[in-house]
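# Observations on the model geometry
Okay, here's what each chain looks like letter by letter:
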Amino acid sequence: MAEAADFQGTSASPARRWLRRTGALLAGAPLLAGLLQLPAATPADAAGQESPQAASGTNGSVSVAVDSLSPSAPTEGDTVTVTGTVTNNGKQPVTDAHVDLRVGPSLDTRSAIDSLAKKSDAVQGPAGEAVGGRYTEKFPKLTPGVAEPFNISVPADELDLGQDGVYQLAVALSGETAAQPWDQVLGVQRTFLPWQPEEAGTKTKTTFLWPLVSDVHMTAETGSNEQQTPVFSNDDLAEEISPGGRLDQMVSLGKGLDITWVIDPDLLASVDAMTRTYQVRGEDGDTTPGRNQAVAKQWLSELQQAVAGKEVVALPFGDPDLASLAHNGTAVTGSLSHLKEATDAVDNTVQTVLHVKPSKDFAWPVDGAVDPSIMKVATSAGADKVIARSDSLQDDLSYTPSAARPIGGGTTAVVADARMSTAFQGNLTKASASTLAVQRFLAQSLTLGLQTGKQRSVVVAPQRTPSVSQAQAMAEALGALQGGNWSESQDLSAAAKAKPDPSANRKVPPPSAYPSSLRKQELPRAAFEQIARTQDKLDNFKVILTDESRVVTPFGRAMNREMSTSWRGRGVAAVGYRDDVESYLDGLIDGVKLIEKSETKLSGRSATIPVTVQNNLVQGVEHLELRLTSKNPTRLKIGGDAYEEQRVTVNGGHSQSVKFTTSANANGRAEVVAQLYTEDGQRYGAPVTFDVRVTEVTPTVMLVIGGGVLLLVLAGFRMYTQRKRAAAREAAEDAAAEADDDVDHPAGAPQNPEAPGDRLKEESEAGSRADAPQQPSDPAPDTAAESADPSGTGERVDR
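The structure reproduced in this document is the subject of the present report. (Residues numbered from 1 in each chain as written. Predicted model: local features only at pLDDT ≥ 70, side-chain atom pairs only at ≥ 80, totals over all residues. Heavy atoms only, no water.)

The five strands are arranged β24-β31-β30-β26-β28 in an open sheet whose pairing can be described as mixed. Every interior strand has two partners, whereas the edge strands, β24 (600-602) and β28 (643-650), have only one. Each strand of the sheet is rotated relative to its neighbour by a mean of 30 degrees, with strand direction disregarded. (Pairing = 2+ DSSP bridges. Helix = DSSP H or I, 4+ residues; strand = E, 2+ residues; numbered from the N terminus. Axes fitted to C-alpha atoms, helices over the stretch in contact; angles between N-to-C directions.)

Written as structure tokens, this is what we have:
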């Protein structure tokens, strides 16, 4: 009946347990006094003792793994079940082995919990009082290298837990070996058992941050189509959001918890881009169509449901590394403007994708480590609350104060608890490691709550990118905490507004206190210099575009990603990403360029020289000026001077030839430089240099031509005088003929009309004379003198 009562939830009151313990102690006092008078027991005699001695050495020959402890925080009437495995790591079999549970004294301080966690598997040291009896599992023999499972269930009342607090719970394996044939502890695993059976009068308000942050996945490259199809550097994000993936688990686990979501808008933008057509770049550099649209849509849908009605805190786009920016970037012009742009991009991303209005008031430096410069940078973009950590902003108090504390200038430091925030780091893939992390987290939380009778607000800020096993441990611990009796959930905004503890430290640590291990992982100054160089190129490029948003937006977001916290510990990958962004921009800039020219021949004193501007971009370019400059203006002038400028507008995918008027003053070669400029006078692209060979008319040729013209003039004058003389002779002959007619035909005598035949004969003779070849002395027809002026413009120029 007693055994049945143990497992039916029948529990004794704390007073009854105290009386039972006191009675047992009084009953055993005479026996203890007698034992003190006996000589020390030999190893052989020790085999019959209830508490076997520990094996020599720090760690025993048998490893004990506690894979589960349920419930994590038991109350009155619960049955505590512990499962796990024991493995003989020695060379000899272990006989008469048995596993039992041992309850140690309560741990009153948080540092005591830390100390016990460091030696959780040391066989030396106190392991507590064994529950014993039927709550022991026996193994006749443990073969070396073979793991044996165990499962022990004990009613919570049998553990004889006293007042509220955290108790050491040890799982110990005892047995014998051939070399040491007496009962001894060969392996132990200690963990923590929080005990708060009743509702606490004053509960701790706990804020747990649930981060949705990933690495950088999108490049600056987009397709030439109207939709600007994005290009991903890999398809790793699809793996993270697929069922069972890290981000899928973060959403699934967080959906049922009271948490504050902390989200990088870049993650949302990337997954949202995957819901449509996108490309993935392979290792060979070629792109292939992405095929995870359905997965992306499903993940976003689940996330929208999970965050509905919950607080969402948005980090600046790309989660910029505030510490790197503060320590290495502020000296580079323009670096802080990128942080402002990343903050301004939040609303258009989070509200568009999740349909919730996020809070942009919080900045989160890496690991909550702060110094004055980090605080200054963190608040430069509009945030007035900085999430720090208690191992950075330390307090010299015997208790843990509330998280919020004003540090001046209207800035509030929200100090997360370091012990609870780091509880889930490390490899938690093994069930035993996960169980220990959960129990330690709960133990720290309960001990913190029991320090004072005042209510406090505690913030837990875990690592930015928990693994699947870490996320599962976090969810298990948070579920137990929210189902416990000493804590209640609270949003981050409420924690930041809580009344600060007047005794809490409000002085930001100096730069020398910043951890060197974190400083080594920061982005170097060279990274910010490269980002600034890329920005300068972008600024020079965008002014010539008819639709600059097609370029400014993707490159602006890419430069935000170049400052991401995710590059810590991945310096080579960070350099590669920055190089790819700058190289791709250089390729676009080179899409608008001058076509190379070969040597040009100028065969006259003046001509036009064409220079071709090629636009390989999808969109048109404008606001460009093309300048053609002569390096030798005394020999060759362009537009009447040393250079000439003309405005250039070229449609997308086309070329435009620009013609310049030139004039030559002397023969020879003249070097000419063509250079594009933006409207503000900045050089654009590479210049094109070519030679112009001037073949102007020579002085000798001019003399020959002048002599020929003079001869033509003299010939014309001679022909004119000859005609004059011929006309005079004809007039004289006519006069003589008339005189003869007067003799032959006196006055008054009838004159015979000219016979028709005579007239026809004269006309025929005149026509014959006209058709006959003219002699050199014949008069020449009038001919205009050939002009010796320079030839007009428009002559063709050989290229």
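A full pass over the atoms with the stated rule returns seven aromatic pairs. When the ring of F208 is compared with that of W210, the centres are 6.1 Å apart and the planes differ by 50 degrees; the resulting orientation is tilted. Look at F208 and you get buried, because its relative accessible area is 2%. A residue is classified by how much of its surface remains accessible, and W210, at 0% relative accessible area, is buried. Their ring planes at 45 degrees and their centres at 5.2 Å tell us that F424 and F441 sit as a pair that is tilted. Here F441 lies in helix α12 (residues 431-449) and F424 lies in the loop between α11 (418-421) and α12, a separation of 17 residues in the sequence. In this pair, the class of F424 matches that of F441, namely buried. Pairwise contacts between aromatic rings join F208, W210, F424 and F441 into one cluster. (Phe/Tyr/Trp six-rings, centres within 6.5 Å; stacked < 30°, edge-to-face > 60°. Buried < 20%, exposed > 50% of the residue type's maximum accessible area, 1.4 Å probe, protein only.)

Let us now look at helix α5 (residues 246-254). Where burial is concerned, most of α5 is hidden: seven out of the nine residues are buried. Buried within α5 are the following residues: R246, L247, D248, Q249, M250, V251 and G254. Buried residues in α5 make contact with β10 (204-212), α4 (236-241), β13 (260-263), α6 (265-274), α7 (293-307) and α13 (468-482). (Contact = heavy atoms within 4.5 Å.)

Next up on the list: a nonpolar patch on the surface. Taken together, the side chains of L710, L711 and L714 present a nonpolar region at the surface, about 320 Å² in accessible area. Locating L710 in the fold gives a position in helix α19 (residues 699-744). (Patch = residues over 30% accessible without salt bridge, like charges linked within 9 Å, V, L, I, M, F, W, Y side chains within 5 Å. Areas by Shrake-Rupley, 256 points an atom, 1.4 Å probe, with all protein chains shown as cover. Salt bridge = Lys/Arg side-chain N within 4 Å of Asp/Glu carboxyl O.)

Moving on: the nonpolar core. Core analysis: the biggest nonpolar cluster contains 75 residues, and F541 and L626 have the highest contact counts within it. Apart from residues no more than four positions distant in its own chain, L626 is found in contact with L594, V611, V613, E644, E645, Q646, V648, V658, F660, A674, Q675 and L676. (Core = buried A, V, L, I, M, F, W, Y, C linked by side-chain atoms within 4.5 Å.)

Right, let's get into the pattern of salt bridges. Considering all chains together, one arrives at 25 salt bridges under this definition. The shortest N-O distance in the salt bridge between R440 and D114 comes to 3.2 Å. In this pair, R440 is assigned in helix α12 and D114 in helix α3 (residues 110-118), connecting sequence segments 326 residues apart. In this structure R440 comes out as partly exposed when scored by relative accessible area, which is 33%. R389 is the partner of D391 in a salt bridge, and the nearest nitrogen-oxygen pair spans 2.9 Å. Residue classification places D391 among the partly exposed positions, given a relative accessible area of 38%. Residue R389 is classed as buried on the basis of its relative accessible area of 9%.

Another point: the packing of α3 against α12. Closest axis-to-axis distance for the α3/α12 pair is 9 Å, and the angle between their directions is 160 degrees. It follows from the interaxial angle that α3 and α12 lie roughly antiparallel. For the pair α3 and α12, the sense of crossing is right-handed. Contacts from R110, I113, D114 and A117 in α3 reach R440, A443, Q444, T447 and L448 in α12. For the contact of α3 with α12, the per-class residue count stands at four nonpolar, two polar and three charged. (Parallel < 35°, antiparallel > 145°, perpendicular 65-115°, else oblique. Left-handed = near helix turned anticlockwise from the far one by under 90°. Nonpolar A, V, L, I, M, F, W, Y, C, P; charged D, E, K, R; others polar.)

The strands making up a sheet associate through backbone hydrogen bonding, with each pair oriented either parallel or antiparallel. Taken together, four strands build an open sheet; the order of strands is β23-β25-β29-β27 and the sheet is antiparallel. The sheet terminates laterally at β23 (592-594) and β27 (636-638), the two strands that pair on one side only. Taken pair by pair, the neighbouring strands of this sheet meet at an average axis angle of 30 degrees, ignoring direction. Where β23 and strand β25 (residues 606-615) come together, three bridges link them in antiparallel fashion. Bridging from a neighbouring strand, V592 pairs with N615 of β25.

Right, let's get into unusual backbone geometry. The omega angle of the peptide bond from S70 to P71 is -5 degrees, so this bond is cis rather than trans. With respect to the element layout, P71 can be found in the loop between β2 (62-70) and β3 (79-88). With phi around 60 degrees, H355 is a residue other than glycine that occupies positive phi space. As for its placement among the helices and strands, H355 is situated in the loop between α9 (335-354) and β17 (362-363). Classification of H355 by relative accessible area gives exposed; the value is 58%. In the Ramachandran plot, D367 falls in the positive-phi region, its phi being about 55 degrees despite a non-glycine side chain. Mapping D367 onto the fold places it in the loop between β17 and α10 (372-378). Judged by its relative accessible area of 34%, D367 falls in the partly exposed class.

Moving on: the environment of V313. The topology assignment puts V313 in strand β16 (residues 312-314). Since its relative accessible area comes to 1%, V313 is described here as buried. Distance from V313 to A363, taken between C-alpha atoms, is 9.5 Å for residues 50 residues apart in sequence. Residues within four places of V313 in sequence aside, it is in contact with T260, W261, V262, I263, S359, F362 and L492.

Residue position: S432 is located in helix α12. Residue contacts for S432: discarding those within four places in its chain leaves A65, V66 and D67.

What follows covers the side chain of H217. One can find H217 in the loop between β10 and β11 (218-222). Classification of H217 as buried rests on a relative accessible area of 4%. Of the polar contacts made by the side chain of H217, one reaches the backbone oxygen of D215; its length is 3.3 Å. H217 has contacts with F232, S233, N234, D236, L237 and E240, leaving out every residue within four places of it along the chain. (Polar contact = N/O pair within 3.5 Å; in protein donor to acceptor, adjacent residues only side chain to side chain.)

For the rest of this paragraph, the subject is the environment of E129. Mapped onto the elements of the fold, E129 is located in strand β5 (residues 129-130). Not counting chain neighbours up to four residues away, the residues in contact with E129 comprise L101, R102 and V103.

Before going further, it helps to examine the environment of A461. Along the polypeptide, A461 turns up in the loop between β21 (457-460) and α13. Between the C-alpha atom of A461 and that of A418, which follows or precedes it by 43 residues, the distance is 8.2 Å. If we skip the residues at most four places from it in the chain, A461 touches L209, W364, I387, A416 and S421.

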